Amino acid sequence: VAGQASLTAAACAGRDNVWAVGFQSGDDGGVDPLVLHFDGSAWAAVEPPATAARTSLQAVVALPGGEAWVAGFASAAPGDTGYTVPLAVSTGGHD
């Protein structure tokens with residue numbers, strides 16, 4: 001994880017299936033989603049599910065088999081702080 005980051009939620013479906021989500025500073029000064037996965041031995045950054053630009057993840061539910069659902073808010077456009085939409089997406093599994 002490069003730059004500033006904040007974790008907002010974590011969930012565990014087993015000792016080798018732990019997820020944490022939040023947001024990190026983006027290259028353009030906005031925020032980008034942050035998804036981390038612990039496989040029982042090490043934490044790794046995971047490519048976030050496809051979402052709108054300016055996404056802040058606020059919740060995560062870990063499921064058996066390595067999948068997780070993440071939820072948060074996305075802004076419609078860069079610099080747009082007055083209009084956000086809720087979102088919930090699956091990580092699609094991570095082994």
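See the structure printed just above.
Residues numbered from 1 in each chain as written. Predicted model: local features only at pLDDT ≥ 70, side-chain atom pairs only at ≥ 80, totals over all residues. Heavy atoms only, no water.

(A) Quick peek at the overall build of the protein chain. Across its full length, the protein chain carries zero helices and seven strands. Ordered by position from the N terminus, the helices and strands of the protein chain form the series β-β-β-β-β-β-β. Counting every position in the protein chain, which comprises 95 residues, the buried fraction comes to 35%. Counted over contacts in the protein chain with a minimum sequence separation of 6, partners at least 24 positions apart contribute 34%. For the protein chain, the exposed surface amounts to about 5300 Å²; the carbon and sulfur share of it is 55%. (Helix = DSSP H or I, 4+ residues; strand = E, 2+ residues; numbered from the N terminus. Buried < 20%, exposed > 50% of the residue type's maximum accessible area, 1.4 Å probe, protein only. Contact = heavy atoms within 4.5 Å. Areas by Shrake-Rupley, 256 points an atom, 1.4 Å probe, with all protein chains shown as cover.)

(B) How the structure looks around the environment of Ala74. Within the secondary structure, Ala74 sits in strand S6 (residues 68-75). According to the relative accessible area criterion, Ala74 is buried, its value standing at 1%. Sequence spacing of Ala74 and Pro33 is 41 residues, and the spatial spacing of their C-alpha atoms is 9.4 Å.

(C) How the structure looks around the nonpolar core. If you look at the biggest cluster of nonpolar residues, it comprises 13 residues, and the most contacted ones within it are Trp19, Val21, Val35, Leu57, Val60 and Val70. Beyond its immediate stretch of four places on either side in the chain, Val60 contacts Ala9, Ala10, Ala11, Trp19, Val21, Ala68, Trp69 and Val70. (Core = buried A, V, L, I, M, F, W, Y, C linked by side-chain atoms within 4.5 Å.)

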